[in-house]
Amino acid sequence: MKVSLNDLVKKFPASDSIAVNHVSLEINDGELMVFLGPSGCGKTTTMRMIAGLEMPDSGQIKIGERDVTFLAPKDRRVAMVFQNFSMYPSMTVFENIAFPLQVLKLSKAEIQQQVNDAAAIVGIGHLLKRSFRQVSGGEAQRVALARAMVRRPEVFLMDEPLSSLDAKLRVQLRTEIKRLHQETRSTIVFVTHDQEEAMSLGDKIVVMSKGEIQQMGTPQDVFFKPDNVFVANFVGTPSMNIFDATIQRADGGLCVDLGGLTQPVPAHFPSVSAGQAVKWGVRPEAIKFSAAPSASAVPGQVELIESLGSRQEVFVRAAGKLFSVILDALLPVRIGQSAHLRFEPDSIHLFDAQSGLSLASKPQPKNS
Amino acid sequence: MRKPIYQPLLIYALLIFLALLVVIPLAAGALTAFKPQIIWISSPPTWNFVPTLENFEFVLIQRQNLLHLRNSLIVSTGSVTMALILGIPAAYALARFRFRGSKGLLQWLISLRMIPPIVVGLPFYVLFQTFDLRNNHFGLMLAYLTFLIPLVIWMMRGYFVEIPSAMEECAMVEGYTRLQALRKVVLPVIAPGIVATALLNFIFAWNEFFLALILGGRETSTLPVAAGTYVGRARVEWGNLFAINLIIMVPVIILTIFLRRQLTKGLALGLVD
């Protein structure tokens, strides 16, 4: 079911800042929408308002055509999976999954049937008689998923459901959630601070900071076309290389002066003007690295190498700046060797130094 | 490094010594309760005697202590029940919600616990006299609530704080009201805590002497007050005194043994592991 948030505002009495500041967005039916941001950015508060666990100070929440803004959580037909809570400890796995059905006054046989179905989907059919003490953390989180599914909610809300699990399990369950979503095509809102998780799960990602939406778009949009410096910095590991720069006049055209390094202004930034203070950015993956010099390459020296498994992060000092470059792990690189970096115009990002907004000419999705 | 062998021995020796310190007077008293009157205060004490129930018969039947036992039961269970009914919801509210003055309220509650009953004795006497609550079971229960409710709130609040609020929130999203969520998912988890709280409160009410003395009367005095009457100005009726003391102690001991698994679980519940 479609979810619409309209100009939501929430302020907590105990804090000075606004937790959620004029947030508006639409989540389409069947979409997996990820709220991504650092802790305290308002993503969880926004989700809790959809669940009804917090009431907004102003604004409106609609699920489908129903206005649920001030409805009690129990009447919203949503299900929620929590970060720090998975199973009711006083109940067995079966009783846990049956718990949301009990309030619906179904027959015993119906409950049995639906619990079995839900448990089978998340692969815990053999654990139904176990107690809380007899299941692992991953299994308990599957119980939470089954309990969420069994009510056939209109919207699934998942508040960092994987962050308390160990790395391997986290990736495994992440894949299963993705698969579940593809099979059931249910509407899911997924909150996380882990941008890798957001990238791999989301049909769309909403990047939030300080209670405001920074950007909303597909994972590709957010990664390749960040709307502002915050998104550019937050999304992607390792982070984008970003340096302060000014736009200068140079033989008839404009160029970017990074201080000790001059780069052309790529064609997709038609609006920059001479003298403008900007931030110049390039992703570590997009930098062309070569040991041999070439015409437009910037010479430098390898300072540090970190292995990332199949890839390596190489830090190159060039023109007095430290660039992070991602290379294939098999490429032989030594510390101290000379390196030549080339920047493709297409992969360059320019942001206004003051507002932090992207200066690219692409149509900016309007938000907030 | 391995601990030297004598270390646990020393600890056990100390524990046994401390246990004996408590047990010996109790055992001597308990035995005296079964002594015939002749040898109550024989010196040196005799331990070679035919046990008799005449002291118990005397205090229970002749001195009508069955009535006082009944009073004790009514006042203790009544006040503990009321304290739990009023205290648990308050503890939940103080654990889950922040509201104007919630912190101050908690501190005020604990300060009530620190007041010795004797401080409030006189004002209570005047108040209870005015409102005709003296020599009245309900009146004594009310007086006890002053001390029981803070204890209930502080203990229960600790248990509630330990439980992630997501537990009730999850139940609320799954179709239940907050009150239903509290009853169906939270209370079962902290049941041992409720048992521990109830027991500690029961012991307080059961043993309480001072308020019962000044606020009770002939018909409503409790066992501790009755026990006091065996200590006269001229002499102490040792055998009778220890008989009634045993009657006071045994129910609590049985209750504690009966509930000890719940109790240890409950007392450990609030601890961070």
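Bear in mind that the values here come from a model prediction, so they are computed numbers and not experimental data. Each chain has its residues counted from 1, following the order in which its sequence is written. Note on labels: chains are lettered from A, ligands numbered from 1, in written order. The predicted nature of this model means local features are confined to residues of pLDDT at least 70 and side-chain atom pairs, given and counted, to a pLDDT of 80 or more, with totals for whole chains, interfaces and linings taken over all residues. Side-chain descriptors were evaluated using all non-hydrogen atoms of the structure, hydrogens and water having been removed beforehand.

Caption draft 1: Spotlight on helix α3 (residues 108-121) of chain A. All names here are of chain A. Starting at the N terminus, helices and strands are each numbered in turn, a helix being any DSSP run of H or I of at least four residues and a strand any DSSP run of E of at least two. Take the residue count of a helix, subtract one, and multiply by 1.5 Å to get its expected span. The end-to-end C-alpha distance of α3, which contains 14 residues, comes to 20 Å, matching closely the 20 Å that a straight helix rising 1.5 Å per residue would cover. Among the residues making up α3, those that are buried are Ile111, Gln114, Val115, Ala118 and Ala119. End-on, the buried residues of α3 take up no more than an arc of 130°, which puts them together on one face. Opposite the buried face of α3, by more than 90 degrees, sit the exposed residues Ala109 and Ala120. For α3, the secondary structure elements touched by its buried residues are α2 (93-102) and α4 (137-149). Phi turns positive, to about 75°, at Gly123, one or two residues after α3. Note on exposure labels: buried denotes an accessible area under 20% of the residue type's maximum, exposed denotes more than 50%, and partly exposed covers the range between, all computed with a 1.4 Å probe on protein chains only. By arc we mean the arc of the directions from the helix axis to the C-beta atoms, nothing more. Only heavy atoms enter the contact rule, under which two residues are in contact if any of them lie within 4.5 Å.

Caption draft 2: Representation of the confidence of the model for chain B within the structure. The predicted model of chain B averages 89 in pLDDT, with 97% of residues at 70 or higher. How sure the predictor is of each residue is captured by pLDDT, a score from 0 to 100. Within chain B, the element-level pLDDT minimum falls on helix α12 (residues 260-269) of chain B, averaging 80, and the maximum on helix α3 (residues 65-96) of chain B, averaging 94.

Caption draft 3: Local environment of the interface of chain B and chain A. Facing the 17 residues of chain B at the interface are 22 residues of chain A. Taking both sides of the interface into account, the surface hidden between chain B and chain A amounts to around 1,700 Å²; carbon and sulfur atoms contribute 70%. Put simply, buried area is how much 1.4 Å-probe accessible surface two parts lose in total, over both of them, once they are put together. When residues of chain B are sorted by the area they lose upon contact with chain A, B:Val173, B:Glu174 and B:Tyr176 head the list and together hold 37% of the total. Counted as salt bridges are all cases of a side-chain nitrogen of Lys or Arg within 4 Å of a carboxyl oxygen of Asp or Glu. At the surface where chain B touches chain A, the tally comes to two salt bridges. A salt bridge links A:Arg147 to B:Glu174; the nearest nitrogen and oxygen atoms lie 2.8 Å apart. Any pair of N or O atoms that falls within 3.5 Å is considered a polar contact. Within protein, one atom must be able to donate a hydrogen and the other to accept it, and sequence-neighbouring residues count only if both atoms are side-chain atoms. Joining chain B to chain A, the criterion identifies eight residue pairs in polar contact (both at pLDDT 80 or more).

Caption draft 4: Looking closely at the nonpolar core. Residues belong to one nonpolar core when they are buried, are Ala, Val, Leu, Ile, Met, Phe, Trp, Tyr or Cys, and are joined through side-chain atoms within 4.5 Å. Among the nonpolar cores identified, the biggest contains 103 residues, and A:Leu25, A:Tyr88, A:Leu157, B:Met156 and B:Phe160 are the most heavily contacted of them. Ranked by the residues each element gives to this core, the list is headed by helix α6 (residues 137-162) of chain B, at 15 residues. With residues near it in sequence (within four places) discarded, A:Leu25 still touches A:Val3, A:Ser4, A:Leu5, A:Met33, A:Phe35, A:Val206, A:Ile213 and A:Met216.

Caption draft 5: Seen up close, a positive patch on the surface. Two distance rules govern patches: like charges are joined within 9 Å, and nonpolar side chains (Val, Leu, Ile, Met, Phe, Trp, Tyr) within 5 Å, applied only to residues with over 30% relative accessible area and no salt bridge. Reported accessibility uses the Shrake-Rupley method at a 1.4 Å probe radius. Residues are deemed covered only where the shown protein chains occlude them. Charge convention: Lys and Arg are scored as positive, Asp and Glu as negative, and His as well as the terminal groups of each chain are ignored. Note that the charge is assigned to NZ on lysines, CZ on arginines, CG on aspartates and CD on glutamates. Taken together, the side chains of A:Arg133, B:Arg260, B:Arg261 and B:Lys265 present a region of like positive charge at the surface. Inspection of the secondary structure puts B:Arg260 in helix α12.

Caption draft 6: Quick look at empty space enclosed by the protein. Residues and elements named next belong to chain A. A cavity here means a set of points on a 1 Å grid, drawn over the protein atoms and nothing else, where a 1.4 Å probe fits but cannot get out; a pocket is an open set with protein on both sides within 12 Å along at least five of seven lines, and a residue lines either one if it has an atom within 4 Å of a point. Grid points are joined across faces, edges and corners, and a volume is the space filled by probe spheres set on the points. Evaluation of the coordinates by the stated rule reveals two cavities of 30 Å³ or more. Size it by volume and the largest cavity reaches roughly 40 Å³. Contributing to the lining of the largest cavity are Gln263, Pro264, Pro266, Trp280, Phe343, Pro345 and Ile348. Throughout this entry, Asp, Glu, Lys and Arg are counted as charged residues, while Ala, Val, Leu, Ile, Met, Phe, Trp, Tyr, Cys and Pro are counted as nonpolar. The remaining residues, Gly among them, count as polar. Residue composition of the lining of the largest cavity, grouped by class: six nonpolar, one polar and no charged. Roughly 30 Å³ of internal volume is contained in the second largest cavity. Taken together, Ile121, Val122, Arg142, Leu145, Leu173, Glu176, Arg179 and Leu180 make up the lining of the second largest cavity. Elements that contribute at least two residues to the lining of the second largest cavity include exactly α4 and α5 (167-184). Ranked by the residues each element gives to the lining of the second largest cavity, the list is headed by α5, at four residues. The class makeup of the residues in the lining of the second largest cavity is five nonpolar, no polar and three charged.

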